[in-house]
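Commentary on secondary and tertiary structure
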Amino acid sequence: MQDIVIVVAYIPPSAPDGIVDDVIQQASTLSNGFELRCIIVGDLNARIGDATGDTATNTRGTVLLQALATTPLRVQKPTTGKWTSFSNGGHGIPDIVLANFPVSNFVVHESESLGGSDHRPLTFDVPTEPLPPKTFERWNIRRLARATTQEQYRSHLEDTEAAIATSLAGLPHNTPAVGPAHENAAMQQAIDDAWQTILQWINNAAAATIGKFEMTDRIPTEFWTEALERERDALCAHQSTLQEAIKAGRLPPLQIKAMAAQATEAAKAYRGSTSERRRVLFEDAVDNIATPQNYGAFMRMVKGAKSRSDRTGCKLDPERINEHAQHFRTTFGAAPTGNADLPRTPAQQQPLQSRPTDIL
């Protein structure tokens, strides 16, 4: 199966239009000059008219089409749906899928807003066999924090120790470490057999006492309340009404603007309610985690919250602190203030070299 490179990009309207060339160049580099299958998808804020069926073309769209002319990338058109963005100003197609091979089942879900966004989700299929999902298992060693579980684990090992010793005694011993190839192979096989015997002994004890750590999908079924579902349905109704009115094009602009304002207010209320619900669930999680057996996890949560509150975690490199200070001085016209309790090398202790500040 051939590897696939997927580049997900967002280019804000304020960014230079030429940045689309950088995105395509990066995709080319990652895909070995487009020798691998490559997809670029995202909100590029590029309107390319007939190429997507859009009603407009902007400067960035023209730059994008010129850049695509020298690559094997082609604009993909949806089989279902069309408009990827709706607002009080109308609808458009700023979200684009580019690929050097044809995708299938490309759908623009015009009726879905994902919680109030003015953009619509895109889905498509890649014609290749899917990679098998990554799975793993590990022992639930957190249970060993309990004294009773530790004793059970130790007892199981001791109870089966004699049988393991007998098994190990039956394996070949005194195999020469250096000799003909067949003797070295016999030595390696003896080591492997001994290791498998010991490993099975440990695993059997773990299976009998602590078990495997079970990974389950965190589907937040408890998140949704009846009130939240009513707000979500109301928001979807507002957005659906606005969307259909925009597509029909029969209502006056002022009425469309008023409908958009209602949808915006509904979205704000919905986001506020979901934020409050997250806060409530977080408090419940803290109450449940603040138990003796979860003390370690609780302290990590408290430490993380405190770090965010204190805004600790400086990203400046202590070895280049003098350079950082010089950059601050030349940018803002004065040396930074405050106390920096950082170790300084002799080179860093040298006074800053003055440099005239650029005047814009």
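This write-up is about the structure you can find in this document. None of the values given here were measured: they were computed from a predicted structure. In every chain, residue numbers begin from 1 and rise along the written sequence. Whole-chain, interface and lining totals are the exception, using all residues; otherwise, since this is a predicted model, local features are given only for residues with pLDDT of at least 70 and side-chain atom pairs are given and counted only at 80 or more. Values shown for side chains rest on all heavy atoms present in the structure; no hydrogens or waters enter the calculation.

Describing the overall build of the chain
A run of DSSP states H or I qualifies as a helix once it reaches four residues; a run of E qualifies as a strand once it reaches two. Both are numbered from the N-terminal end. Each helix and strand in the chain was counted, giving 9 helices and 8 strands. Across the 360 residues of the chain, 26% fall into the buried class. The long-range share in the chain, meaning contacts at least 24 apart out of those at least 6 apart in sequence, stands at 67%. Burial classes follow relative accessibility: with a 1.4 Å probe on protein chains only, a residue under 20% of its type's maximum area counts as buried, one over 50% as exposed, and anything between as partly exposed. Whether two residues are in contact is decided by their heavy atoms: any pair within 4.5 Å suffices.

Some words on the packing of aromatic side chains
Two aromatic rings, drawn from Phe, Tyr or Trp (for Trp, its six-membered ring), form a pair once their centres lie within 6.5 Å of each other, and the interplanar angle then sorts them: stacked below 30 degrees, edge-to-face above 60, tilted otherwise. According to the stated counting rule, one finds 1 aromatic pair in the structure shown. Ring centres 6.1 Å apart and planes at 80° place the aromatic pair F106 and F124 in the edge-to-face group. Linking F106 in strand 7 (residues 104-108) with F124 in strand 8 (residues 122-125), this pair joins segments that are 18 residues apart in sequence. Taking the relative accessible area as the measure of exposure, F106 reaches 4% and is therefore buried. A cation over a ring is seen here: R37 above F101, with NZ or CZ 5.0 Å from the ring centre. Sitting over the face of the ring of W224, R232 holds its NZ or CZ atom 4.6 Å from the ring centroid. Only Lys NZ and Arg CZ are tested; either one counts as a charge over a ring when it is within 6 Å of the ring centre and within 35 degrees of the ring normal.

Looking at unusual backbone geometry
Residue N32 is not a glycine yet carries a positive backbone phi of 55°. Mapped onto the elements of the fold, N32 is located in the loop between helix 1 (19-30) and strand 2 (37-43). Notably, N45 is not glycine yet its phi reads approximately 55°, a positive angle. Mapped onto the elements, N45 comes out in the loop between strand 2 and helix 2 (59-68).

Let's talk about the environment of K212
Secondary-structure assignment places K212 in the loop between helix 5 (181-209) and helix 6 (226-248). Using a relative accessible area of 34% as the deciding quantity, one classes K212 as partly exposed. Each C-alpha atom, one on K212 and one on I141, is 8.5 Å from the other, the two residues being 71 residues apart in sequence.

Side note on the sheet that holds strand 6 (residues 95-99)
Two strands form a pair only when DSSP identifies at least two bridges running between them. Sheet architecture is open: 4 strands sit in the order 1-2-6-3, paired in mixed fashion. Strands with a single pairing partner mark the edges of an open sheet, and in this sheet they are strand 1 (4-10) and strand 3 (74-75). With axes taken as lines fitted to C-alpha atoms, and helix axes fitted only over the stretch in contact, angles between N-to-C directions fall between 0 and 180 degrees. Across the sheet, helix 1 touches strand 1 and strand 2, and the angle it forms with strand 1 is around 160°.

Here's the deal with the packing of helix 1 against helix 2
For the pair helix 1 and helix 2, interaxial distance at closest approach is 9 Å and the crossing angle is 35°. Here helix 1 and helix 2 pass one another in a crossing that is right-handed. From helix 1, V20, D21 and I24 reach across to helix 2, where they touch R60, V63, L64, A67 and L68. Lys, Arg, Asp and Glu make up the charged group, whereas Ala, Val, Leu, Ile, Met, Phe, Trp, Tyr, Cys and Pro make up the nonpolar group; the residues left over, Gly among them, are polar. Here the residues of the contact of helix 1 with helix 2 sort into 6 nonpolar, no polar and 2 charged. Crossing handedness follows the turn of the near helix against the far one: under a right angle anticlockwise gives a left-handed crossing, and clockwise gives a right-handed one.

Digging into the pattern of salt bridges
Salt bridges, as used here, are contacts in which a Lys or Arg side-chain nitrogen is within 4 Å of a carboxyl oxygen on Asp or Glu. Within the structure shown, the criterion is met by 5 salt bridges. Of the charged contacts, one joins R60 and D17 as a salt bridge, the two residues approaching to 3.1 Å between their closest N and O atoms. One end of the pair, R60, is in helix 2; the other, D17, is in the loop between strand 1 and helix 1, with 43 residues separating them in the sequence. Here R60 falls in the buried class, since its relative accessible area comes to 3%. Residue D17 is classed as partly exposed on the basis of its relative accessible area, which comes to 28%.

Considering empty space enclosed by the protein
In this analysis a 1.4 Å probe is tested at points of a 1 Å grid over the protein atoms alone, and where it fits but cannot get out there is a cavity; an open set with protein on both sides within 12 Å along at least five of seven lines is a pocket; lining residues have an atom within 4 Å of a point. Grid points are joined across faces, edges and corners, and a volume is the space filled by probe spheres set on the points. Under the counting rule described, the total for this entry stands at 2 cavities of 30 Å³ or more. What the largest cavity holds in volume is close to 70 Å³. Listing elements by their share of the lining of the largest cavity, those giving two or more residues are strand 6 and strand 7. Tallying contributions element by element places strand 6 first for the lining of the largest cavity, with 3 residues. Residues belonging to the lining of the largest cavity are distributed by class as follows: 6 nonpolar, 3 polar and 3 charged.

A few points about the side chain of D43
Take D43: it is sitting in strand 2. In this structure D43 is buried but unpaired, with R60 as the nearest side chain of opposite charge at 7.0 Å. A polar atom in the side chain of D43 sits 3.5 Å from the side chain of H119. Those residues in contact with D43 that lie beyond four places of it in its chain are A9, Y10, I11, P94, D95 and H119. A positive count includes Lys and Arg, and a negative count includes Asp and Glu. His and the chain ends are not counted in either. Polar contacts, as used here, are pairs of N or O atoms within 3.5 Å; protein pairs need one atom able to donate a hydrogen and one able to accept it. Residues neighboring in sequence count only if both atoms are side-chain atoms.

Geometry only, nothing functional implied.
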